[in-house]
Structure formats: C-alpha cells, structure tokens
Amino acid sequence: MLYIICGFIFGGLIPYLARRIGKLISLSMGGILLKIWWPNHYMPWEKLKNNETYMRLWRRYMMRSLGWGIFTAAMTCLFALNFDTTFVWMYIVFLWILLLAVEVDKRFMLLPDILTLPLLILGFAYAAMQGYWLALTEPYFIGYAANSVLGAATGFIIPLVASLFVVWKYPDAFGDGDIKLLTAIGAWVGFQVISYIILAACVFFAVNCLINKQRAGAFGPSIVYATLAVVIFHFAF
C-alpha cells in the first residue's frame, strides 16, 4: 500500500516537476539558485478562477496529473512486487526518474543533465552493491562493476556510431540527452540488456511515427518505454 501511495503522489507531481525543470534548463547555476530562492509571483487565485482559458488549461493539467499518478502508482507496485526487495527503493527511484524524463522530453524536446547524471551515478552505485539485474546478465568472466561500465559504454557508443551514419540527413537523430539517458540506463542493466533496449526503442519510435504520421519527435519516451518493457519481461518474469 505504501508503494501505491508514494507512486501516486510522485506521479501526480510529474507534470509540475517537468514544468519546473523546463524553466531551469536554460539557466546557469546562479540563475537556478535565484529561481529557488526568489520564485515568480503569480496572480491571485480569485482572479485566475474567473479566467475561462486558464481554468480550461488547469482542468487539463489536473487530468494529466491524475493519469500520471495512476500509471506511476501501478508501475511502482509492479516494480516493488516483482524485483529484489533488497534494492526495491533504488528500482523505484530508477522508475520515477525515467517517467519524469518522458514528460520533460515530450514538453521541451530535451533531457537535461539534472535527470541523466543522477541516474548514471545511481547505476554505478547499484553495481557497487552487486545489484540483482547485473547479476542476472553478468557473464562468468566479468564482475558487477565491469558489467555496469560496459553497459554504460555500450549505451553511449551504439547511438553515437548510429548517429554518425544518419547525421547527414537527420542532424538531430540522436540528441545529447538521448545518448546520456542510454548511457545511464546501461549502467543499471549491463551491456547485453542495453543492446535489446536500444533495438526496442528504435522499434517503438518507428511505430509511434507511423501512428502519428510524423517523421521526427522526442526519442526519450521511446527509450523509457523500451527500457520498462525489456526490464519487466527480462528480469521480472
């Protein structure tokens, strides 16, 4: 029950957190500190609630928050019930950062270091504690740490090399944030599983483009959905 409640609360905050992160993306560290200590002043609620346009946007925002809350609660419960309880909160943080990255990338077409860098550090910490996922994919000749480092390297090199082949036609085929996100995920799952995730992400993205009849878009959500699918089916069942 605790996992469901925590997941619902965090999920409900995802749209708000994404909006706040978006406002900080282009700022320097000094600007970020200034925003934290001296936030914007907003119009009083009494005036806003009489604005029909604002109220329509507010209702849409609340429905989005509710949807994220329900989905995050369900995924948090799934992770808590199916993965090693020793690292359960690490898995949950991994999940929450990925879901927040989906909303940020959809809204701003960017994946900032404030999300990818902590995820990478946590992945190496998970390896240092001999994490369950790395144990299942560890070949007999390497250790947990080596598997994590190789996974991060694979998550960096494969999209980097792939982008070199398509950059002449699609300059933004892989953004820096996409490569950093794959690097961070590789540190969690090892070099074998990250290869499956990259392949699955390309398939997800291609299907999404066909459904929405578009030739470009945010690649981060496809990476996250592929990661969740591969992780759940590879490690949970």
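Structural notes, computed from the coordinates. Counting restarts for each chain: residues are numbered from 1 in the order of the written sequence. The predicted nature of this model means local features are confined to residues of pLDDT at least 70 and side-chain atom pairs, given and counted, to a pLDDT of 80 or more, with totals for whole chains, interfaces and linings taken over all residues. Computation of side-chain values: all heavy atoms of the structure, hydrogens and water removed.

Things to note about the overall build of the protein
For the protein, the helix and strand inventory stands at 10 helices and 0 strands. Residues counted as buried form 42% of the 237 residues belonging to the protein. Taking all contacts inside the protein whose residues are at least 6 apart in sequence as the whole, residues at least 24 apart take part in 73%. Carbon and sulfur atoms provide 70% of the accessible area of the protein, an area that totals close to 13,300 Å². Only DSSP runs of H or I covering at least 4 residues are called helices, and only runs of E covering at least 2 are called strands; the numbering of each starts at the N terminus. Each residue is placed in one exposure class: buried if its accessible area under a 1.4 Å probe, protein chains only, is under 20% of its type's maximum, exposed if it is over 50%, and partly exposed if it falls in between. Here a residue-residue contact requires only that any non-hydrogen atoms of the pair lie within 4.5 Å. All accessible areas in this document rest on Shrake-Rupley with a 1.4 Å probe, and a residue is counted as covered only by the protein chains that are shown.

Let's talk about helix H1 (residues 2–24)
A helix is expected to reach a length of 1.5 Å times the quantity of its residues less one. Along its 23 residues, H1 runs 31 Å from first to last C-alpha, staying within 8% of the 33 Å computed at 1.5 Å per residue. What is called the bend at a residue is the angle between a pair of axes, fitted to the seven residues leading up to and ending at it and to the seven starting from it. Along its length, H1 shows its largest kink, about 45°, at Ile14, and proline Pro15 lies within four residues downstream of that point. Among the residues of H1, Gly7, Phe10, Gly11, Ile14, Pro15, Ala18, Arg20, Ile21 and Gly22 are the ones counted as buried.

What about the packing of aromatic side chains?
Two aromatic rings, drawn from Phe, Tyr or Trp (for Trp, its six-membered ring), form a pair once their centres lie within 6.5 Å of each other, and the interplanar angle then sorts them: stacked below 30 degrees, edge-to-face above 60, tilted otherwise. Applying the stated criterion across every chain yields a total of 9 aromatic pairs. Between Phe87 and Tyr91, the ring centres sit 6.4 Å apart and the planes meet at 65°, which makes this aromatic pair edge-to-face. Given a relative accessible area of 9%, Phe87 falls into the buried group. A centroid spacing of 4.7 Å and a plane angle of 45° characterise the contact between Phe94 and Trp188, whose relative ring orientation is tilted. Pair noted here: Phe94 is in helix H5 (residues 88–108) and Trp188 is in helix H9 (residues 176–212), with a separation of 94 residues, a long-range link. Trp188 carries the same exposure label as Phe94, and that label is buried. Pairwise contacts between aromatic rings join Phe87, Tyr91, Phe94, Tyr126 and Trp188 into one cluster.

Points about a nonpolar patch on the surface
The residues that make up patches have over 30% relative accessible area and no salt bridge, and they are joined within 9 Å when like-charged or within 5 Å when they are Val, Leu, Ile, Met, Phe, Trp or Tyr. The salt bridge criterion pairs a side-chain nitrogen of Lys or Arg with a carboxyl oxygen of Asp or Glu, the two atoms within 4 Å. Taken together, the side chains of Met1, Ile4, Ile5, Phe8, Ile9, Leu13, Tyr16, Met63, Leu66 and Ile70 present a nonpolar region at the surface, about 980 Å² in accessible area. Of all elements in the fold, only H1 and helix H4 (52–82) reach the threshold of two or more residues within the nonpolar patch. Ranked by the residues each element gives to the nonpolar patch, the list is headed by H1, at 6 residues. In this structure, Met63 sits in helix H4.

Some thoughts on H5
With 21 residues, H5 should reach 30 Å at 1.5 Å per residue; the first-to-last C-alpha distance of 30 Å fits that figure. Of all the 21 residues making up H5, 16 are buried; the element is thus mostly covered by neighbouring parts of the structure. Of the residues flanking the end of H5, it is Met109, one or two places downstream, whose phi is positive at about 55°.

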